[in-house]
Protein chains: 2
Amino acid sequence: MSKMLDEIREQPAALERTLQAERKPIEKLRSLLDREKPRLIMLVARGTSDNAAQFGRYLLEVATGIPVTLAAPSIFTLYKAKFNFDGILVIAISQSGESTDTNLVLERAREQGTRTIGITNEADSTLARLAEHVFLVHAGREKSVAATKTYTGQLLVLYMLAHALGANIALDDLTRIPEWTQAALGLEPEIARRAERYRFMDHALVVGRGLNYANAFEFALKLMETCYVVAERFSSADFLHGPIAMVAPDFPVFAFAPSGPTWNSMAETLDKLQTLKAETVIVTDAGNTDAAARATRTIRLPHKLPELYTPIPYIIPAQIFAACLAAQKGLVPDKPRTITKVTLTM
Amino acid sequence: MSKMLDEIREQPAALERTLQAERKPIEKLRSLLDREKPRLIMLVARGTSDNAAQFGRYLLEVATGIPVTLAAPSIFTLYKAKFNFDGILVIAISQSGESTDTNLVLERAREQGTRTIGITNEADSTLARLAEHVFLVHAGREKSVAATKTYTGQLLVLYMLAHALGANIALDDLTRIPEWTQAALGLEPEIARRAERYRFMDHALVVGRGLNYANAFEFALKLMETCYVVAERFSSADFLHGPIAMVAPDFPVFAFAPSGPTWNSMAETLDKLQTLKAETVIVTDAGNTDAAARATRTIRLPHKLPELYTPIPYIIPAQIFAACLAAQKGLVPDKPRTITKVTLTM
């Protein structure tokens with residue numbers, strides 16, 4: 001079996017460790033931020049960490065009402081713009097902590113005396129040295145090039161940061177996430193069996209909305225990196241603004257479909273895809289009884305999940321699917337061709 | 001021939017009209033904003049207009065140093081978050097002015113007394129009524145479902161808004177854009193001839209960086225909408241963080257490759273693609289003499305263009321390519337299957 005699959009299985013324990021270890025520092029940050037609320041939050045990241053940032057963008061706006069922006073590193077690295085960091089809280093995310101452009105934005109922010117937070121899996125990294133407040137993902141060294149356990153760890157830290165920023169998210173609310181993640185791992189035999197059907201799939205779409213929009217990016221990235229599938233990613237709203245024209249009968253579409261605020265929008269998209277005779281595979285949970293009728297295949301998590309806490313459990317079957325599909329295609333997901341674990345870009 | 005191609009050809013005249021008609025209102029806005037600088041700019045849009053917003057995101061940060069965020073409409077429409085608009089300048093962009101979610105964000109902003117700007121092609125639209133300051137794209141009614149002349153019109157208005165926000169962009173600097181666009185139209189016979197080669201292309205990647213990142217989104221959207229090509233879009237930096245693993249020999253990659261700040265990053269990507277024996281097609285201009293050696297095919301604009309002003313001229317050959325490829329594939333680009341001109345999403 002692959003390291004990727006091993007690391008996927010380590011996630012409940014890794015999440016548990018992070019939850020315990022970062023609890024106190026998060027409460028300390030909460031009292032600090034209580035005295036000086038940021039006017040704007042800027043998230044900085046690349047690759048899988050940028051997908052986690054995409055999640056943070058939605059979570060923090062939904063839960064705190066503070067505007068959030070995803071940094072475009074080239075503004076700093078290539079255009080060398082004079083940027084005004086006044087009132088901004090900068091949150092940098094990197095598994096290795098050695099992403100050159102992420103770290104450069106962090107440096108620029110610190111030069112202006114901006115408050116900075118770093119999220120990384122590596123305590124001894126450059127990012128951990130540069131950021132004023134550091135929160136660690138306690139996932140253990142990630143050996144597979146395709147990131148899995150560090151992605152969910154980053155998502156968990158972002159929930160904890162939402163708490164620190166005064167959101168109505170208690171740290172105790174997060175304690176069920178490792179359990180839900182464990183339950184999602186129970187789907188592995190079923191997913192391994194189903195992956196065979198997609199042996200010759202060479203393109204696909206992944207659709208998500210709101211808090212699960214980031215998961216669409218992350219699932220598509222796993223399909224690209226580990227299975228060499230040309231996988232597009234869209235919000236279900238943007239998808240209807242043009243890209244849906246690509247969809248012919250049998251076109252494979254994957255979707256994250258929780259109940260809650262995004263369901264009506266997703267249901268509309270799934271209905272349209274059904275009319276077009278696309279082949280849809282949805283990830284959903286026991287709380288969404290309307291979903292299965294709208295999809296060709298359903299992957300259902302056994303608990304009823306509040307939509308707010310679906311993103312971590314929902315990415316697990318997608319990670320497993322990518323690892324199993326890679327195996328079906330005779331590929332080793334731990335070492336995709338061309339790429340390496342730490343990518344240095346400017 | 002298609003309406004899309006007709007409308008592509010109308011662009012120099014449309015840009016000229018917009019430049020003339022909106023000059024005075026822009027200067028008036030400049031004096032107003034001079035007294036009260038926004039702390040944050042939020043761009044709101046969907047579809048092609050969202051690609052224009054992506055351009056605005058880079059342009060306004062590079063040229064003004066004011067942080068810019070792209071709104072996630074679902075925060076307002078689905079999650080109904082209590083959002084703090086304090087100090088924000090909201091810029092809504094919509095060709096038709098009838099995009100429901102864009103307009104809802106505009107309404108929320110106005111309820112909090114936030115300064116709002118609307119950019120639309122339709123003077124009588126809901127968006128034009130909702131926004132405090134309205135700037136019109138004078139493109140004439142756009143009949144093709146695939147937007148072309150309204151996209152470049154929106155880009156032009158964003159340059160003018162950068163001027164209004166105090167950027168070092170004089171309105172007179174913009175007067176050469178229609179001329180450069182006219183010159184780009186001169187490439188039509190060459191592109192029409194070349195499009196045949198891609199008759200059976202069913203997937204592709206489009207890569208851009210910085211100010212041309214939005215063009216990568218827009219070109220990919222045209223390929224999806226009008227040619228049903230599964231077209232991915234990436235910044236050249238994000239591309240190296242994973243997706244490049246998809247690239248096998250003969251994989252078709254399109255890239256925008258101006259000289260200037262983004263060239264080193266793009267050259268690195270093109271070199272890597274050459275090693276992988278991908279087939280690359282680049283859009284560049286007479287100012288970048290290093291580009292051709294790094295690509296399989298080169299589309300070169302005849303003028304030497306400053307990188308800041310490449311995005312409008314550079315999208316022209318891409319639009320022509322999509323229209324011609326659709327024709328080669330026996331498709332009518334004006335009426336893609338499944339989609340309509342105005343898309344209503346919440």
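Owing to the predicted nature of the structure, the values given are computational and were not obtained by experimental measurement.

1. Observations regarding the interface of chain A and chain B
Here's step 1: Taken together, the 68 residues of chain A in the interface contact 68 residues of chain B.
Here's step 2: Between chain A and chain B, a total of about 5,500 Å² is buried, with carbon and sulfur atoms accounting for 60% of that surface.
Here's step 3: Per-residue buried area on chain A facing chain B is highest for Tyr79(A), Val230(A) and His241(A); these three make up 13% of the total on that side.
Here's step 4: Joining chain A to chain B, the criterion identifies 4 salt bridges.
Here's step 5: The interface formed by chain A and chain B contains 22 residue pairs in polar contact (both at pLDDT 80 or more).
Here's step 6: Elements that contribute at least two residues to the side of chain A that touches chain B include exactly helix H4 (47–64), strand E2 (68–70), helix H5 (74–77), helix H11 (213–227), strand E7 (230–235), helix H12 (236–240) and helix H13 (263–275) of chain A.

2. Focus on the environment of Tyr213(A)
Here's step 1: Structurally, Tyr213(A) can be placed in helix H11.
Here's step 2: Apart from the residues within four sequence positions on either side, Tyr213(A) is in contact with Gln54(A), Tyr58(A), Gly208(A), Phe234(A), Ser235(A) and Asp238(A).

3. Some thoughts on the sheet that holds strand E9 (residues 279–285) of chain B
Within a sheet, adjacent strands bond to each other through the backbone by hydrogen bonds, running parallel or antiparallel.
Residues and elements named next belong to chain B.
Here's step 1: The parallel open sheet is built from 5 strands, whose spatial order is E7-E6-E8-E9-E10. Each having just a single partner strand, strand E7 (230–235) and strand E10 (297–301) make up the two edges of the open sheet. For this sheet, the mean inter-axis angle between neighbouring strands, taken without regard to orientation, is 15 degrees.

4. What to know about the domain arrangement of chain A
Residue and element names in this part refer to chain A.
Here's step 1: Each assigned domain of chain A is listed here: domain 1 (3–178) and domain 2 (186–328).
Here's step 2: Put simply, the middle of domain 1 and the middle of domain 2, counted by C-alpha atoms, are 26 Å apart.
Here's step 3: Facing 26 residues of domain 1, the contacting portion of domain 2 comprises 23 residues.
Here's step 4: With both sides pooled, the region where domain 1 packs onto domain 2 buries about 2,200 Å², and carbon together with sulfur makes up 69% of that total.
Here's step 5: When the area that domain 1 buries against domain 2 is broken down by residue, the three leading residues are Asn51, Tyr58 and Tyr151, summing to 22%.
Here's step 6: If you look at where domain 1 meets domain 2, you find 1 salt bridge.
Here's step 7: Across the salt bridge formed by Arg9 and Glu188, the nearest N and O atoms sit 2.9 Å from each other.
Here's step 8: For the side of domain 1 that touches domain 2, the secondary structure elements donating two or more residues are helix H1 (3–9), helix H2 (11–21), H4 and helix H8 (149–164).

5. Quick word on the relation of the copies chain A and chain B
Here's step 1: For the match of chain A to chain B, the screw axis carries a shift of 0.0 Å, the RMSD comes to 0.0 Å, and the turn is 180 degrees. With respect to symmetry, the two chain copies, as superposed, fit the operation of a two-fold axis. When C-alpha distances to the rotation axis are compared across chain A, the minimum falls at Thr69(A), with a value of 2.4 Å.
Here's step 2: Of the residues that chain A buries at the interface, 100% are likewise interface residues in chain B, meaning the two copies contact each other through the same surface.

6. Let's talk about the side chain of Lys149(A)
Residues and elements named next belong to chain A.
Here's step 1: Position of Lys149 among the secondary structure elements: in helix H8.
Here's step 2: A distance of 2.8 Å separates a polar side-chain atom of Lys149 from the backbone oxygen of Ala139.
Here's step 3: Polar contacts involving the side chain of Lys149 include one to the main-chain carbonyl oxygen of Arg141, which spans 3.1 Å.
Here's step 4: Ignoring sequence-local partners within four residues, the contact set of Lys149 consists of Glu7, Glu10, Gln11, Val137, Ala139, Gly140, Arg141 and Glu142.

7. Quick notes on the pairing of strand E1 (residues 40–44) of chain A
Along any regular strand, the residues point their side chains to alternate faces of the sheet.
All names here are of chain A.
Here's step 1: Of all 5 residues in E1, 5 are buried, a share of seventy percent or more.
Here's step 2: Neither face of E1 is open: one carries Leu40, Met42 and Val44, the other Ile41 and Leu43, and all of them are buried.
Here's step 3: Pairing geometry for E1 and strand E3 (residues 88–94), over 5 bridges, is parallel. In the sheet register, Met42 faces E3, and the bridge partner there is Val90.
Here's step 4: In the sheet, E1 pairs with E2 via 3 bridges, with the strands oriented parallel. Bridge pairing in E2 places Ile41 opposite Val68.
Here's step 5: Taken together, E1, H4 and E2 constitute a β-α-β crossover, and its handedness is right-handed.

What counts and what doesn't
Here the residue numbers are simple positions, counted from 1 along each chain's written sequence. Following the order in which they are written, the chains are lettered starting with A and the ligands numbered starting with 1. Totals for whole chains, interfaces and linings use all residues, but because this is a predicted model, local features are given only for residues with pLDDT of at least 70 and pairs of side-chain atoms are given and counted only at 80 or more. Only hydrogens and water are removed before side-chain values are computed, so all heavy atoms of the structure are retained for them. The contact criterion used is simple: two residues touch if any of their non-hydrogen atoms lie within 4.5 Å. Buried area is calculated as the accessible area (1.4 Å probe) missing from two parts once they are joined, with the contributions of both summed. What counts as a salt bridge is simple: a side-chain nitrogen of Lys or Arg found within 4 Å of a carboxyl oxygen of Asp or Glu. Contacts described as polar in this section are N or O atom pairs within 3.5 Å, which, within protein, must combine one atom able to donate a hydrogen with one able to accept it, while residues neighboring in sequence count only if both atoms come from side chains. Numbered from the N terminus, helices here are DSSP runs of H or I no shorter than four residues, and strands are runs of E no shorter than two. Whether two strands pair depends on DSSP finding at least two bridges between them. To obtain an axis, a line is fitted to C-alpha atoms, over the contacting stretch when the element is a helix, and the angle between two such axes runs from 0 to 180 degrees between their N-to-C directions. Just so you know, the domain bounds were taken from an automatic or database domain assignment. Least squares is the method for superposing the copies, and the C-alpha atoms it fits come from residues with pLDDT of at least 70 in both. Burial status follows relative accessibility: with a 1.4 Å probe on protein chains alone, a residue under 20% of its type maximum counts as buried, one over 50% as exposed, and anything between as partly exposed. Handedness of a crossover: with both strands directed away from the viewer, a clockwise path from the first strand across the helix to the second marks it as right-handed.

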